[in-house]
Amino acid sequence: MTGFDLQSILDAYGGPPTVGDAAHLNPRFLDLLRLTGFDRRFVRGEGAWLFDERGDRYVDAIGGYACLSVGRNHPVVREALEQALRIGPPTLVQFEVPPLAVALADRLKRFVDRPEDRVFFVNSGTEAVEAAMKIARAATGRPGFAHWSNAFHGLTFGALSLNGAAWLRRGFEPLVPGCREVPFGDLAALEATLADRSIAAFFYEPIQGKGVIEHGTGVLREVAEICRRTGTLLVADEVQTGLGRTGAALASDQDGVQPDLVCLSKALSAGMVPVGAVVGRAAIFDRVFDSIERSVVHSSTFRENPLAMTAGLAVLQVLEDERLVARAAAAGRRLIDGLRKLAAREPGIAAVRGRGLMIGLELDPHAMAFGLPGYGSHTTTLVGQAVSVRMLVEHRVLVQSTAKSSAVIKVVPPLVISDDDVDRILEAFTATIADLRRGRGAAIRGLLDMIARAPDVVLRESVR
Ligand code: PLP
């Protein structure tokens, strides 16, 4: 016995969350959970499932904000991490070339089919974006950055400077100077923005996470060409889309684009150990780390730690062994086809978007909130909230509501999701949307009443 007992700590703190619990962290967040039905405790996770204290099983289509590619508690990843702890390689020597970092870089480059690249490891998605911004600036000598409207690249200062949502930037200004927003998909505006050659890099998500917004056919190839003509680096933020989610190793492969730098994170972690990476052309990296003195100009303490590297290695092995990229494509087809069939007969659904297991269901607030007087712009958000709350409470399916100006429900389950669970999601949507529409907004009215009692509570809306 070690005197350390994790189970007893979980037992002591693991009841339904109280105001006292939340006071240690973020009390307003508990208000949000209470408002949305998420003030419950999940006690176990396995694959695409979560279990509550009563043993009830939920299908998790939030997927830890789309990081749970191989599902929760994948046995191969657990065993890999246990091996790492058993073997106990020396951690964080710092002045070394860590073998597990070499192994992961090697395997990752093969997985994404960029064998000539270099890899820079980081601890999260936003750090991947920060690193790419620094690399792009130093490599080009240009000060500026450009991004689409509605973009989401993370919430640290650099990444936030590329964020399309004013409400997320508000209160944190001034951000990085020289960042320019381009209306989503507007190639002429992009060309004009990059024309003065002051922009180091154009950052984009192959599919925007916020609202699940896809580029039109061929748009990204045009973007790549404009970047090439203006000497602007093209940076694909594949933190969410990368490593299988869209049914390809990289969504950029499907788009026919070879970005100069690719940001990765979420999936690589197995939802267990934070890890991220920038994969990019060697010539670009070598312009940044161009001398012995400058070999350390960008770094961080934990980035190549053995547990993170092990998690990444195990994830890539599971993705390959279980053919999860193809699985994401097939499960995604089943879900998208099912949702489109539903949309054809359900007026509450305005559109179904996405690729692989990154899917957005846009609701029609007018059809859904018929009969709701005078709630103005709130109605749109509330329609999305009402659907996600009901999916959770009535059907035990976790989905998130995304995008403030439209009611979009986002579905990003683990890639290991079974056909049965895909069908369960479809059935839950079918029943929920019909019920809410037939109820002529009664459930939405209920939510509004709750909000009226707690007017400063922000709705649970994903920022991603
Ligand atoms: N980039 C994209 C496209 C994302 O979706 C996210 C997170 O949702 C990030 C960056 C930030 O990643 P993290 O939350 O790990 O900082």
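Cut-offs used in this document
- Residues numbered from 1 in each chain as written.
- Predicted model: local features only at pLDDT ≥ 70, side-chain atom pairs only at ≥ 80, totals over all residues.
- Heavy atoms only, no water.
- Domains from an automatic or database assignment.
- Contact = heavy atoms within 4.5 Å.
- Buried area = accessible area lost by both parts, 1.4 Å probe.
- Salt bridge = Lys/Arg side-chain N within 4 Å of Asp/Glu carboxyl O.
- Polar contact = N/O pair within 3.5 Å; in protein donor to acceptor, adjacent residues only side chain to side chain.
- Helix = DSSP H or I, 4+ residues; strand = E, 2+ residues; numbered from the N terminus.
- Axes fitted to C-alpha atoms, helices over the stretch in contact; angles between N-to-C directions.
- Left-handed = near helix turned anticlockwise from the far one by under 90°.
- Nonpolar A, V, L, I, M, F, W, Y, C, P; charged D, E, K, R; others polar.
- Phe/Tyr/Trp six-rings, centres within 6.5 Å; stacked < 30°, edge-to-face > 60°.
- Buried < 20%, exposed > 50% of the residue type's maximum accessible area, 1.4 Å probe, protein only.

A. Quick peek at the domain arrangement of the chain. As far as domains go, the chain holds domain 1 (16-70 + 324-453) and domain 2 (75-321). Placing the centre of domain 1 and that of domain 2 at their C-alpha centroids yields a distance of 28 Å. Taken together, the 27 residues of domain 1 in the interface contact 32 residues of domain 2. Area buried by domain 1 at its contact with domain 2 is led by Val-325, Arg-355 and Met-358, which between them contribute 32% of it. For the pair domain 1 and domain 2, the number of links is one salt bridge. Asp-255 is paired through a salt bridge with Arg-355; the nearest N and O atoms lie 2.9 Å apart. Summed over the shared surface of domain 1 and domain 2, the result is 14 residue pairs in polar contact (both at pLDDT 80 or more). Counting only elements with at least two residues in the side of domain 1 that touches domain 2, the list comes to helix 4 (63-66), helix 15 (324-345), strand 13 (349-355), strand 14 (358-363) and strand 17 (408-411).

B. Structural context of the packing of helix 5 (residues 75-87) against helix 14 (residues 306-321). Between helix 5 and helix 14, whose axes approach to 9 Å, the crossing angle comes to 150°. Between helix 5 and helix 14 lies a crossing whose hand is right-handed. On the side of helix 5, the interface is formed by Val-76, Val-77, Ala-80, Leu-81, Ala-84 and Leu-85, while helix 14 contributes Leu-307, Thr-310, Ala-311, Ala-314 and Val-318. Split into classes, the residues belonging to the contact of helix 5 with helix 14 amount to 10 nonpolar, one polar and no charged.

C. Region of interest: the packing of aromatic side chains. Following the criterion strictly, the structure yields seven aromatic pairs and no others. Taken together, a centroid distance of 4.9 Å and an interplanar angle of 85° make the contact between Phe-42 and Tyr-58 edge-to-face. Here Tyr-58 lies in strand 3 (residues 57-60) and Phe-42 lies in strand 1 (residues 42-46), a separation of 16 residues in the sequence. By relative accessible area, Tyr-58 is classed as buried at 1%. Residues Phe-120 and Phe-289 carry aromatic rings whose centres are separated by 6.0 Å and whose planes lie at 10° to one another, so their mutual orientation is stacked.

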